[in-house]
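# Topology and contacts: notes
The residues making up each chain are set out below.
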Amino acid sequence: MIPEFLDTWSLFRDAYLSGLLIAAVLGLVGAAVVARDQIFLGAAVSQASMFGIALGIRLSDLYVERLSERALDVIHSLTGGLFAVLGSLLTSRAAGTDTRESLTGWVFLVGASLSVLVVAHSPHGLAEVNRLATSTILGAHETDVRIFAAMLAISVAVVALHRDALMLMVLDPEMARAVGIPVARWDRRLGIWLGVTVAFSMHVSGLLYTFGCLVLPGLVARNVCRNASRVLIAAPLIGSLASLLSFVLANSLDYPPGQLAVAVMGVLLAASWFQRVARRDSAAASGRD
């Protein structure tokens, strides 16, 4: 199984590396989303990004004969990133839980509908939107690997320098304000970074893999880690290792790697739920003794 996977490395190297880096970046960013119980936010931002990409495709259809394939990719990434950031900032700045959840649902539904409507009369655009909705990582390029490696380095550096402040802001924003942490400023920064990472991942790997890597590793890490700060380390590791295992299995079993990776992460989450329940029952039994 592993030798077969290594035989395909030269052909799919960029796809495999991009998938692993996406899992690590989104696992780290998603730890904050999971800590805030804003799981649906990831889906909404992903759909906003898809609308931006669809809009970019529709606009670039006017100049498709004059632009190179790479130039078109840049346009689609920029428009997808712009709308992902706008969607993230719109929902994160909403006052009150009910308003935030309502806006998140609105962004998701409007993004999902408009992403199809704007390319409904463009066969190429509609095919691209459908590809993003079903997810595939096999079209990644070397440039994508470099972009995600840079994103991971930036994310790790920020967390390393501001870990305590970030953890306090995410877990207890009122206390963070009381000790002088500029929560609103950090909210905007996190919202922008969430939008940027999701947008680039969407353009390369599609909705399912992006959303799965954003929330599932963080949920697994939260169940298995007793220390909240360890989630920041465990989430990207869980996402990357689960993706690597899935890529090996997908190559051997001839399955789509992105979908298999999300399924494996889902199985890990179910196992972590059972582990947490067993740990809680064991603690309760020890308390009774």
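Only a predicted model underlies this, so the values are computations on that prediction, with no experimental measurement involved.

## Overview of helix H11 (residues 231-253)
- The end-to-end C-alpha separation of H11 is 32 Å, in line with the 33 Å expected for 23 residues at 1.5 Å each.
- At the exit of H11 stands Asp254, carrying a positive phi of roughly 60°.

## Quick notes on the packing of aromatic side chains
- Under the criterion given, the structure shown has seven aromatic pairs.
- With a centroid separation of 6.2 Å and 65° between ring planes, the pair formed by Phe5 and Trp9 is classed as edge-to-face.
- Measuring from ring centre to ring centre gives 4.7 Å for Phe5 and Tyr16, while their planes differ by 40°; the resulting arrangement is tilted. With a gap of eleven residues between them, Phe5 in helix H1 (residues 2-7) and Tyr16 in helix H2 (residues 9-35) connect regions that are remote in the sequence. Side by side, Phe5 and Tyr16 carry an identical accessibility label, which is buried.
- Taken together through their ring pairs, the aromatic side chains of Phe5, Trp9, Phe12, Tyr16 and Phe247 make up a single cluster.
- Taking NZ or CZ as reference, Arg189 lies 4.8 Å from the ring centre of Trp186, over its face.

## Topic: the state of the cysteines
- Summed over all chains, the structure comprises zero disulfides.
- In this structure Cys213 is not part of a disulfide, and its nearest cysteine sulfur, from Cys225, lies 17 Å away.

Criteria and cut-off values
Residues numbered from 1 in each chain as written. Predicted model: local features only at pLDDT ≥ 70, side-chain atom pairs only at ≥ 80, totals over all residues. Heavy atoms only, no water. Helix = DSSP H or I, 4+ residues; strand = E, 2+ residues; numbered from the N terminus. Expected span 1.5 Å × (residues − 1). Phe/Tyr/Trp six-rings, centres within 6.5 Å; stacked < 30°, edge-to-face > 60°. Buried < 20%, exposed > 50% of the residue type's maximum accessible area, 1.4 Å probe, protein only. Lys NZ or Arg CZ within 6 Å of the ring centre and 35° of its normal. Disulfide = S-S within 2.5 Å.

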